[in-house]
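Inside the fold
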Amino acid sequence: MSNMRSVYGTSKKDNYSLKIKMKSGILFLWFVILTFICLLPIYILVVNATRESTAIANSTSFIPSHYFGQNLNTLLKNVTYSSVFNVWIGYRNSAIITGFSTIFTVFFSALTAYGLHVYDFKIKEAAYTIILLVMMVPVQVTSAGFVDFMLKLKLTDSYIPLIFPSIAAPAVVYFMRSYMKSSFPLDIVEAARIDGSGEFRTFLTIAIPMMKPAIAVQAIFAFIASWNNYYTPSMILLSSKFKQKTLPMMISGIQASDKFKDYGAIYMALALAIVPIVIVYILLSKFIIAGVALGGVKE
Amino acid sequence: MYFFFQLYPLINTFIVAFHGNKEADEHLVVGLQNFQDLLFGDRNRATRKIHENFVLSFKNTFILWIGNFIPQIALSLSLAVWFTDSKLKIPGKGFFKVVMYLPNIITAASVAVLFLQLCGEAESIPGTLNMLLSKVGIVPYDPASRKYETIQFVSGMWESRIVVMFIQTWMWFGNTMIMLMSGIMGINPSLFEAASIDGANSGQVFRKITFPLLAPIMAYTLVTSMIGGLQMFDIPYLYKRDVSNVSDNLKTVAVFIYEKFHPSAGGQKQFGYSGAASVLLFFITLVLGCIAFYITRDKDEIARKKQIKKNAKQAQLANKQFGGLSL
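Keep in mind the model is a prediction, meaning the values are calculated, not measured.

1. Observations concerning the overall build of chain B
When helices and strands are tallied, chain B shows 13 helices and two strands. With 327 residues in all, chain B has 48% of them scored as buried. Accessible surface, chain B as shown: approximately 16,200 Å² in total, 63% of it carbon and sulfur.

Now the structure itself:
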């Protein structure tokens with residue numbers, strides 16, 4: 001009996017829960033440090049956007065100052081900066097490309113996945129295999145051929161090669177098809193057919209509402225990927241006209257640090273580029289984390 | 001549509017790879033010469049330079065990838081295990097997850113320029129990082145000339161590489177962590193329960209249950225990260241002082257390809273080399289992709305197929321016993 005007590009006695013149990021508490025505490029501290037590291041660069045960026053250039057050059061501070069308006073003014077009015085970085089043109093161009101390509105990606109991928117799921121045709125498996133194969137190929141591999149092709153079609157310096165290829169998004173199709181497999185029974189399509197609904201109408205009024213969760217997740221990721229894309233726009237917009245530049249391209253323009261002496265304005269430009277997407281992220285973070293957990297992202 | 005936008009560019013890349021490099025002989029078929037130049041570069045001095053450049057870019061890609069993958073996987077795996085451990089009571093798990101994923105959604109181009117500012121190395125006006133280090137006492141400061149002996153975070157070879165590795169880790173560990181977490185949560189919870197009843201400590205649980213069952217997902221992460229590493233472009237391309245040239249310490253394969261077909265990126269247009277390098281990259285990716293497929297394939301389904309085959313064979317054998325007559 002006494003032996004049992006020493007194994008299962010109260011003192012042992014207390015020790016155990018204390019150990020768990022200690023471990024939780026230490027891990028909590030470690031998580032806080034990691035959070036700090038994650039946020040520090042962004043915090044410094046925001047703080048420096050509100051400070052005067054000379055102050056940034058001479059010392060580091062973690063307390064915001066009151067030069068926000070002045071930095072913004074320099075960035076927008078001073079010709080040296082506004083000729084390279086115009087935040088409104090950047091927002092507009094990025095928004096046009098991102099908006100259209102997100103809609104195209106989601107709509108046509110849903111259509112393709114629907115086709116692959118619902119219909120049985122001869123080359124179905126072959127088509128699906130090709131889609132999966134293409135998914136694995138990085139953009140950089142096809143870029144040389146793509147640019148050469150677009151030069152022949154005389155489509156460089158236009159938004160067409162940036163928007164229309166988003167119709168074909170293999171990774172999104174793959175995700176949507178696996179979603180449909182798990183939660184879209186074919187009986188519904190049968191029922192709609194019996195009720196006399198046309199094929200396309202079935203897709204629009206039944207399939208799309210049922211796939212809303214998958215579409216939402218994929219739309220968010222398509223939006224972020226397209227908004228952040230620097231590689232494709234800079235390779236297609238060969239003559240890099242200022243009016244056509246997207247936001248990441250403008251950011252890459254102000255990186256030439258010799259020409260720009262006002263650090264406050266540089267940080268301001270970066271903040272204007274980064275902060276909107278951080279806000280969007282915070283608002284949608286629940287969906288984004290869930291989407292990543294589903295394995296829906298591949299970059 | 002798929003043919004037009006995805007497959008044709010791929011085929012065209014192959015076609016381009018076998019063509020000449022100068023504008024004049026762009027339509028000249030040169031066969032395997034481009035590949036020969038890239039891989040061996042023994043034709044003349046110009047091709048040797050290209051060959052050296054190409055090998056260098058491969059080496060850089062590999063170094064940068066290793067340097068970002070090892071800390072990334074260590075960090076993500078440990079975090080994923082801790083986050084999913086039901087015994088530990090840590091407040092604000094959801095918040096930590098959100099914050100740790102945050103760097104991943106920021107534009108890579110902006111991140112590169114931001115770190116370029118933070119890691120500035122000018123002697124009289126250093127970046128924030130050098131200034132912080134001088135406060136701690138690592139970077140010496142000379143008050144007489146008001147100059148810092150800065151660490152060369154941008155132009156130094158290993159310094160710049162370490163910064164790029166850090167940025168990559170910083171951006172991607174949250175993503176890997178969430179992927180691994182969903183993998184761990186897919187493991188049957190009764191296994192963990194059984195282990196805790198048997199009195200296994202957390203180290204044993206990790207070694208004997210989590211790690212073996214997570215291995216396929218880990219391998220998948222490894223392969224996708226490798227493919228991602230081969231495409232590394234934005235950050236090495238933009239993390240530089242001199243606008244026209246990427247420093248040789250950071251030139252990756254993707255940057256190499258880009259420079260060879262983009263006229264404004266320094267150097268002349270050489271579609272042929274760019275195409276040939278793409279084709280080589282394609283085959284590497286293909287091999288890696290096949291490995292990923294092989295790892296993540298549905299083992300049960302394969303076993304079932306094997307069983308069906310076996311049954312068919314037995315049926316055939318049985319048929320033979322009846323004199324080869326199919327019944």
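Okay, back to it.
2. Quick notes on the overall build of chain A
Counting its regular elements, chain A contains 16 helices and zero strands. Within chain A, contacts between residues at least 6 apart in sequence are counted, and of these 74% link residues at least 24 apart. As displayed, chain A offers around 14,800 Å² of accessible surface, 69% of which is attributable to carbon and sulfur atoms.

3. Describing the packing of helix H12 (residues 199-210) of chain A against helix H13 (residues 212-228) of chain A
Any two packed helices are characterised by the angle at which their axes cross and by the distance between the axes. All names here are of chain A. The contact between H12 and H13 brings their axes to 5 Å, and the two run at 70°. As the angle between them shows, H12 and H13 are arranged roughly perpendicular. Contact with H12, carried on its side by Ile208, Pro209 and Met210, involves Lys212, Pro213 and Ile215 of H13 and no other residues of that element. Tallied by class, residues from the contact of H12 with H13 come to five nonpolar, no polar and one charged.

4. So, the interface of chain A and chain B
Every contact between the two is made by 88 residues of chain A and, on the other side, 85 residues of chain B. At the boundary of chain A with chain B, total buried surface from both sides reaches about 7,900 Å², with 74% on carbon and sulfur atoms. Linking chain A with chain B are zero salt bridges, by the criterion used here. Taken together, the connections running from chain A to chain B amount to four residue pairs in polar contact (both at pLDDT 80 or more). The residue makeup of the side of chain A that touches chain B, split by class, is 65 nonpolar, 17 polar and six charged.

5. Digging into empty space enclosed by the protein
Rolled over the atoms, a probe sized like a water molecule indicates the empty space that remains. Residue and element names in this part refer to chain A. Within this structure, the stated rule accounts for two cavities of 30 Å³ or more. Counted as a void, the second largest cavity has a volume near 40 Å³. The wall of the second largest cavity is formed by Ser94, Ile97, Thr98, Ser226, Trp227, Asn229, Pro233, Thr246 and Pro248. Among the elements of the structure, helix H6 (87-118) and H13 are those that each provide at least two residues to the lining of the second largest cavity. Among the elements that make up the lining of the second largest cavity, the one with the highest residue count is H6 (three residues).

6. A word on the packing of aromatic side chains
Each pair of aromatic rings is reported with the distance of its centres and the angle of its planes. Applying the stated criterion across every chain, the model contains 27 aromatic pairs over all chains. Relative to Phe96 of chain B, the ring of Phe28 of chain A has its centre 5.7 Å away and its plane inclined at 75°; by these criteria the two rings are edge-to-face. In this pair, Phe28 of chain A is assigned in helix H2 (residues 10-49) and Phe96 of chain B in helix H4 (residues 93-105), connecting two distinct chains. The exposure class assigned to Phe28 of chain A is partly exposed, which follows from its relative accessible area of 31%. For Arg161 of chain B, the ring lying beneath its charged end belongs to Trp158 of chain B, and the centroid distance is 4.8 Å.

7. Quick word on the side chain of Ser57 of chain B
As for its position among the elements, Ser57 of chain B is in helix H3 (residues 45-84). For Ser57 of chain B, the residues in contact, after removing those within four places along its chain, are Lys251, Thr252, Val253 and Phe256 of chain B.

8. Describing the nonpolar core
The biggest cluster of nonpolar side chains holds 137 residues, and the ones touching the most others in it are Phe85 of chain A together with Leu79, Met100, Tyr101, Tyr239 and Phe261 of chain B. Here this core takes 17 residues from helix H16 (residues 263-293) of chain A, the largest share from any one element. Taken together, domain 1 (2-79) and domain 2 (84-253) of chain A each give at least three residues to this core, which thus spans both. With sequence-adjacent residues up to four places away left out, Phe85 of chain A is seen in contact with Leu75, Phe242, Leu247, Met250, Ile251, Ile254 and Ala269 of chain A. Of all hydrophobic cores here, the second largest spans 20 residues; its members include Ala113, Val118, Leu132 and Val172 of chain A.

9. Digging into the pattern of salt bridges
Two side chains of opposite charge can pair, provided their charged atoms sit close to one another. All names here are of chain A. Overall, the coordinates contain two salt bridges over all chains when judged by the stated rule. Arg193 serves as the salt-bridge partner of Glu190, at 3.6 Å between the closest nitrogen and oxygen. In this pair, Glu190 and Arg193 both sit in helix H11 (residues 186-194), three residues apart, roughly one turn of the helix. For Glu199, the salt bridge is made with Arg193, and the minimal N-O distance between the two is 2.9 Å. Beyond isolated ion pairs, a larger network of salt bridges with shared partners links Glu190, Arg193 and Glu199.

10. Let's talk about the environment of Leu56 of chain B
Residues and elements named next belong to chain B. Inspection of the secondary structure assignment puts Leu56 in helix H3. By relative accessible area, which is 24% here, Leu56 ends up partly exposed. Considered as a pair, Leu56 and Lys251 are 195 residues apart in the sequence and their alpha carbons are 7.6 Å apart. Not counting chain neighbours up to four residues away, the residues in contact with Leu56 comprise Asp248 and Lys251.

11. Examining a positive patch on the surface
All names here are of chain B. Taken together, the side chains of Arg304, Lys305, Lys306, Lys309 and Lys313 present a region of like positive charge at the surface. Within the fold, Lys305 resides in helix H13 (residues 299-321). Accessibility expressed as a relative area gives 55% for Lys305, which makes it exposed.

12. A short note on helix H9 (residues 202-230) of chain B
Its 29 residues place the ends of H9 of chain B only 36 Å apart at the C-alpha level, less than the 42 Å of an ideal helix rising 1.5 Å per residue. Ala215 of chain B marks where H9 of chain B bends most, by close to 55°; the proline Pro216 of chain B follows one to four residues later.

13. Section: the environment of Val106 of chain A
All names here are of chain A. Looking at the element boundaries, Val106 is found in helix H6. Under the relative-accessibility criterion, Val106 is labelled buried at 8%. Between the alpha carbons of Val106 and Ser166 there is a distance of 9.0 Å; along the sequence they are 60 residues apart. In contact with Val106, not counting residues within four places along its chain, are Met176, Ile215, Gln218 and Ala219.

Criteria and thresholds
- Residues numbered from 1 in each chain as written.
- Chains lettered and ligands numbered in written order.
- Predicted model: local features only at pLDDT ≥ 70, side-chain atom pairs only at ≥ 80, totals over all residues.
- Heavy atoms only, no water.
- Helix = DSSP H or I, 4+ residues; strand = E, 2+ residues; numbered from the N terminus.
- Buried < 20%, exposed > 50% of the residue type's maximum accessible area, 1.4 Å probe, protein only.
- Areas by Shrake-Rupley, 256 points an atom, 1.4 Å probe, with all protein chains shown as cover.
- Contact = heavy atoms within 4.5 Å.
- Axes fitted to C-alpha atoms, helices over the stretch in contact; angles between N-to-C directions.
- Parallel < 35°, antiparallel > 145°, perpendicular 65-115°, else oblique.
- Nonpolar A, V, L, I, M, F, W, Y, C, P; charged D, E, K, R; others polar.
- Buried area = accessible area lost by both parts, 1.4 Å probe.
- Salt bridge = Lys/Arg side-chain N within 4 Å of Asp/Glu carboxyl O.
- Polar contact = N/O pair within 3.5 Å; in protein donor to acceptor, adjacent residues only side chain to side chain.
- 1 Å grid on protein atoms, 1.4 Å probe; cavity = no way out; pocket = protein on both sides within 12 Å on 5 of 7 lines; lining within 4 Å.
- Points joined across faces, edges and corners; volume = space filled by probe spheres on them.
- Phe/Tyr/Trp six-rings, centres within 6.5 Å; stacked < 30°, edge-to-face > 60°.
- Lys NZ or Arg CZ within 6 Å of the ring centre and 35° of its normal.
- Core = buried A, V, L, I, M, F, W, Y, C linked by side-chain atoms within 4.5 Å.
- Domains from an automatic or database assignment.
- Patch = residues over 30% accessible without salt bridge, like charges linked within 9 Å, V, L, I, M, F, W, Y side chains within 5 Å.
- Lys, Arg positive; Asp, Glu negative; His and termini not counted.
- Charge placed at Lys NZ, Arg CZ, Asp CG, Glu CD.
- Expected span 1.5 Å × (residues − 1).
- Bend = angle between axes of the 7 residues up to and from the residue.

Purely geometric stuff here, so don't read any function into it on its own.
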